[in-house]
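Descriptive structure summary
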Amino acid sequence: MEQGKVRIAATAGISEQEQQFLGAFSPAHDLAPMVARALAHNADFRLAALKVEQARAQYRIEESARLPQVGLQAQRTRQRFDSASLQARYGQDLAYGSVGTSDFEFDFFGKMKALSESARQRYWASSHGQQAARGALIAEVLRAYSLKLAAAQARARMATIDDDSAALLAIATRQHEVGLMSVDELDNQRRQADQARVRALQAAADDDATMRALQLLTGYDLRTVEGDLDDLRTSDMPLTALRSLDSQVLLQRPEIQQAEAVLRAGDADIGAARAAFFPSVRISTSLGMASDGLSGLFDAGSRMWAFTPQLVLPIFDHGRNSANLTLAEVRKQAGVADYEKAIQSAFREVADALDAHATLSASESRSHEQADRERLRIKRMAARVAQGLQDRSTLLTERIRATQSELDHLGVSRDLALNRIALFRAFYGVQLPSSL
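The notes below deal with the structure included here. These figures come from a predicted structure and were not determined experimentally. (Residues numbered from 1 in each chain as written. Predicted model: local features only at pLDDT ≥ 70, side-chain atom pairs only at ≥ 80, totals over all residues. Heavy atoms only, no water.)

**Considerations on the overall build of the protein**
The criterion, for reference: Put simply, DSSP marks the helices as runs of H or I at least four residues long and the strands as runs of E at least two long, and each gets a number from the N terminus on. Throughout, radius of gyration means the C-alpha value; the globule benchmark is 2.2 Å times the number of residues raised to the power 0.38. The rule is simple: take the accessible area with a 1.4 Å probe, protein chains only, and divide by the maximum for that residue type; under 20% is buried, over 50% is exposed, in between is partly exposed.
Scanning the protein for helices and strands turns up eleven helices and four strands. Over its C-alpha atoms the protein spans a radius of gyration of 37 Å, topping by over 25% the 22 Å that the globule rule assigns to 436 residues. Based on the C-alpha atoms only, the size of the protein along its principal axes is roughly 130 × 50 × 40 Å. Split into buried and exposed, the 436 residues of the protein put 38% on the buried side.

What follows is the structure, encoded as structure tokens:
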């Protein structure tokens, strides 16, 4: 039990490939401790690790069945009859002590070998499944982290819009009081201020929700999240090199290797089902001592040897063996379908992520330039307002528009960060060239 716990805990460490991506994804902050906490605390990943241990134990069981099991046996037998004739013929008072093997099956037709191979492939499938679950968990942690950073910045910007809208409403109220603004115009300004307030409250709720989601993944000892969405590196992906990779590298993905191992296990199951049609040869043998009392168990002449061969040939099984063979073949067909599905999903994920990255990179560049232009324009306008050359309400209105541009840029930056995570997930477990 303790050995299993050690193996499960060891899987929480960060691999070199994962560390390289985490460092490239967020150069300003070390995300490895947060990911390690998620690997240690997440129930789904712990369950995947336990399934590996379960498959490992099952493989050891099937492998040990191919070897004779030697055991020590001690037995005392007493049998009495009321009839003197039966007692004379069948009465017993014996003590046994022996060592030997019982019901060992010779694997002439490969049944035990096939069962062992099936268990071995399912062990490898569970191991690959654990790796797939690990990659998915890391990607989900990074996704939750990126959403948390974006939500915190959106919350701050929506609070700024809320403050500016409230200031505009105060100016409009004063203008209405002196007769410079109609009731309809005041109501329109009040409606805009109410909408800004609701959006600010919703942004705060979204920020809290993303924090809870991140805590759920990494453990509730996480109290604060450091960083800014601008700290995430999102524009250095070697798209040309990734697109030029041989598609065969995707066969290294854990999901595909898992499906392939399940397919091999299905082949082995068919072999075991076919072997069940052939005779099974079993033996039981023992060597020991026997006497009519414990005191004479080790006397001269008390040695005993037993040898029991057994041949079983199935004749009438009411279609059980045929049904097992049909079941194994159908399961193999299902494994082929799963394997094809895993390959198709891998190609789709990679293609979607690469195509989206090109579009998002162009959008992010343009939205970033637009946000910078808006900030400079607001800075010049604020200088004119400070000199009394322009109305303050105009500045507030334009500042709201500029803040909205920043929110648009924030959304594109968030999507670009999520796309980078999608690329990491798509190529997780794949040995990429060192030049990438």
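**Details of the nonpolar core**
The line we're drawing: Buried Ala, Val, Leu, Ile, Met, Phe, Trp, Tyr and Cys residues that are joined via side-chain atoms within 4.5 Å together make up what is termed a nonpolar core.
Counting 42 residues, the largest nonpolar core has Phe-25, Val-141 and Leu-142 as its most contacted members. For this core, the elements supplying multiple residues, two or more each, are α2 (16-25), α3 (32-41), α6 (111-177), α7 (183-218) and α11 (392-426). With eleven residues, the next largest nonpolar core counts Leu-245, Leu-250, Phe-427 and Val-430 among its residues.

**Concerning a nonpolar patch on the surface**
The test is simple: Exposure above 30% relative accessible area and the lack of any salt bridge qualify a residue for a patch; like charges then connect within 9 Å, and the nonpolar side chains Val, Leu, Ile, Met, Phe, Trp and Tyr within 5 Å. With residues, only the protein chains shown are counted as cover, and all accessible areas are computed by Shrake-Rupley using a 1.4 Å probe. Any carboxyl oxygen of Asp or Glu that lies within 4 Å of a side-chain nitrogen of Lys or Arg is treated as forming a salt bridge with it.
Where nonpolar side chains cluster on the molecular surface, the patch consists of Val-70, Leu-72, Val-99, Leu-287, Trp-305 and Phe-307 and spans about 720 Å² of accessible area. Mapped onto the secondary structure, Val-70 falls in strand β1 (residues 70-79).

**With respect to the packing of α6 against helix α9 (residues 254-275)**
Operational definition: Helix axes are fitted to C-alpha atoms over the stretch in contact, other axes to C-alpha atoms as well, and angles between N-to-C directions run from 0 to 180 degrees. Here roughly perpendicular refers to angles of 65 to 115 degrees, roughly parallel to angles under 35, roughly antiparallel to angles over 145, and oblique to all remaining angles. Working rule for handedness: look at the near helix, and if it is turned counterclockwise from the far one by less than a right angle, call the crossing left-handed; if clockwise, right-handed. Here the term charged refers only to Asp, Glu, Lys and Arg, the term nonpolar to Ala, Val, Leu, Ile, Met, Phe, Trp, Tyr, Cys and Pro, and the term polar to all other amino acids, Gly among them.
For the pair α6 and α9, the least separation of the axes is 8 Å and the interaxial angle reads 165°. On the basis of their axis angle, the class for α6 and α9 is roughly antiparallel. Classified by chirality, the crossing of α9 by α6 is left-handed. Looking at the contact of α6 with α9, its residues break down into twelve nonpolar, eight polar and six charged.

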